[in-house]
Amino acid sequence: METSGPRVFTASWGQLESEGSNVGDEAIFAAQIRQLGGLGIRLGVLSADPRRTTERYPVKPFRTRGSRLLGMLRGIAWAEYVIVGGGELVQDVSSLLYTPFNLLPLRMAWWLGKPAFAWSVGIGKREELASWSLPQLRTCLGRCRGVTVRDQPSRSLLISLGLREDRVVRASDSAFAMAGDYRPGPVDSDVLGFAPRNVLNRRGKLLPLELRKKLGIEDRIDPTPTRRSWARLLDGLVESLDCRIRLFPFHTGSLSNADDRECMDIVAMMTHSDRTELVETSDLGKFIDLMSGCRVMLAVPLHGSILSVICGAFPVAVPYATKGERFMRQVGLGDFVLPAPGGEGWVKSAGSTVEYAWTKCDRLWESLRTKRSEEADLCELNLRHFASTCLPGRR
């Protein structure tokens, strides 16, 4: 049932596929709803399955089937305010259309005269941005009433582009709004969490992976060597730590990275596949609860690391973009960032790092607990900056 409060359309998340899930994006959205709910806002969101969306969240869905752009336009026309984010807003590595598409809601809001706000966004470093993306970024975010970013490098880049310092606030990832639901680690468990992803398709192509898959023109890069390195690493850890492996597919669906398929293909190469289990739930709460039962979490997706810190597992990251390394350094875990998998030398080095995290996580959590608390406090700035710049009467 809708409230009588301001109408806000958020382009941060939508069930854009009728099957599959994106746990990281949904965690951002669920936390965003939690924060905005206290303001009595009527929230609109894109959805390919409106009934499923409204069963899970108190929002007004705008259907994407037939035309995602039309659904977005309808949502923005309905709204009094428009939010983009949280999450990675601008980068040109996965697709040269990624930046223009993510900035499109801000352009539409400008055309329709609707105030806009960028909520807990991440900006790729200059090497991850095409030269023509920088002026787009300056123009679109410069028109926003306010911007919150989840890391200091993103803020520094925006300030260097000419955005006013008082308009750009360093906050933290939206998901940290859920930190109060979980006890910080260490976790006394024999379970090692593992969240892989095949990122070999990130080659700066024009079209995003979803469209390339629809058209049957996605890159055919053999992932076997990478999967074999993962399998050897996991087998070695099962033997050295006497642990079980719990696999977490963060992104699933026929047009996505299909992390569930990646998990199964890696397990098929393992000698100790009998010590593994695949998480098969699209329920966000159950997914995170299963993560909270892991002692250490070895993760490729950024939110594998973020949700680990939130729910109590100790993260070891194998990031595919600078956003992952930024987060780990931000919470004081730069020593637990691994390079991309490949070869026997990597297996040995990665194994040593995970074993160290496993055996020393009690002590390591002493400082991580403080960083976790700091990120949770900074997360409140997303709501405060939005309220002060867009809804000053409702602070």
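Parameters and conventions
Residues numbered from 1 in each chain as written. Predicted model: local features only at pLDDT ≥ 70, side-chain atom pairs only at ≥ 80, totals over all residues. Heavy atoms only, no water. Core = buried A, V, L, I, M, F, W, Y, C linked by side-chain atoms within 4.5 Å. Buried < 20%, exposed > 50% of the residue type's maximum accessible area, 1.4 Å probe, protein only. Helix = DSSP H or I, 4+ residues; strand = E, 2+ residues; numbered from the N terminus. Contact = heavy atoms within 4.5 Å. Salt bridge = Lys/Arg side-chain N within 4 Å of Asp/Glu carboxyl O. Pairing = 2+ DSSP bridges. Right-handed = clockwise from strand over helix to strand, strands pointing away. Expected span 1.5 Å × (residues − 1). Patch = residues over 30% accessible without salt bridge, like charges linked within 9 Å, V, L, I, M, F, W, Y side chains within 5 Å. Areas by Shrake-Rupley, 256 points an atom, 1.4 Å probe, with all protein chains shown as cover.

Novice: Which parts of the structure should I look at to understand the nonpolar core?
Specialist: Nonpolar side chains tend toward joint burial in soluble globular proteins. One finds Leu307, Phe314 and Phe386 to be the most contacted residues of the largest nonpolar core, which totals 89 residues. For this core, the leading source of residues is helix H13 (residues 343–390), giving 15 residues. Excluding residues within four positions of it along the chain, Phe386 makes contact with Val8, Leu36, Leu39, Ile41, Ile83, Phe117, Trp119 and Leu391. The next biggest cluster of nonpolar side chains, apart from the first, holds 33 residues, and it includes Leu104, Leu134, Leu137 and Val147.

Novice: So what exactly am I meant to see when it comes to the pattern of salt bridges here?
Specialist: Close approach of charged atoms lets side chains of opposite charge pair. By the definition in use, this model includes 19 salt bridges. Its salt-bridge partner being Asp151, residue Arg326 comes within 3.2 Å of it at the nearest N-O pair. Of this pair, Arg326 sits in helix H12 (residues 322–330) while Asp151 sits in the loop between strand S6 (146–149) and helix H6 (152–160); the two residues are 175 residues apart in sequence, bridging distant segments of the chain. Under the relative-accessibility criterion, Arg326 is labelled buried at 16%. For Asp259, the salt bridge is made with Arg197, and the minimal N-O distance between the two is 2.8 Å. Here Arg197 lies in the loop between strand S8 (191–195) and helix H7 (209–215) and Asp259 lies in helix H9 (residues 259–268), a separation of 62 residues in the sequence. Here the two residues Asp259 and Arg197 agree in accessibility, since each one is buried. Connected through shared salt-bridge partners, Asp190, Arg244, Arg246 and Glu277 make up one network.

Novice: What should I look at first to understand the pairing of strand S12 (residues 314–317) in this one?
Specialist: Consecutive side chains of a regular strand alternate in pointing toward one face of the sheet and then the other. Burial of the side chains of S12 extends over both faces: Phe314 and Val316 are buried on one face and Pro315 and Ala317 on the other. Bridge count between strand S11 (residues 296–299) and S12: four bridges; the pairing is parallel. Opposite Ala299, over in S12, you have Ala317 as the bridge partner. Regarding the hand of the β-α-β motif, the stretch spanning S11, helix H11 (residues 302–311) and S12 is right-handed.

Novice: Please clarify how unusual backbone geometry should be interpreted in this entry.
Specialist: The peptide bond linking Gly85 to Gly86 adopts the cis configuration, its omega dihedral lying at -5 degrees. Mapping Gly86 onto the fold places it in strand S4 (residues 81–90). Positive phi values are uncommon outside glycine, yet Asp242 reaches one of about 50 degrees. Structurally, Asp242 is set in the loop between helix H8 (224–241) and strand S9 (244–247).

Novice: Explain H8 here, please?
Specialist: Within an α-helix, residues lying three or four positions from one another point in the same direction, as the helix has 3.6 residues per turn. The end-to-end C-alpha distance of H8, which contains 18 residues, comes to 25 Å, matching closely the 26 Å that a straight helix rising 1.5 Å per residue would cover. Arg227, Ser229, Trp230, Ala231, Leu233, Leu234, Asp235, Leu237, Val238 and Leu241 are the residues of H8 that are buried. Elements in contact with the buried residues of H8: S8, S9, H9, S11 and H13. Trailing H8 by a residue or two, Asp242 shows a phi angle of about 50 degrees, which is positive.

Novice: Explain a nonpolar patch on the surface here, please?
Specialist: Together, Leu70, Leu73, Trp110, Trp111 and Leu112 give the surface a local cluster of nonpolar side chains, amounting to about 540 Å² of exposed area. Looking at the nonpolar patch, the elements with two or more residues in it are helix H3 (68–78) and helix H4 (98–111). You can see Leu70 is positioned in helix H3. On the accessibility criterion, Leu70 (37% relative accessible area) is partly exposed.

Novice: Mind showing me how you'd approach H12 here?
Specialist: Burial within H12 is extensive, with seven of its nine residues counted as buried. When H12 is considered as a whole, its buried residues turn out to be Thr322, Lys323, Gly324, Arg326, Phe327, Met328 and Gln330.

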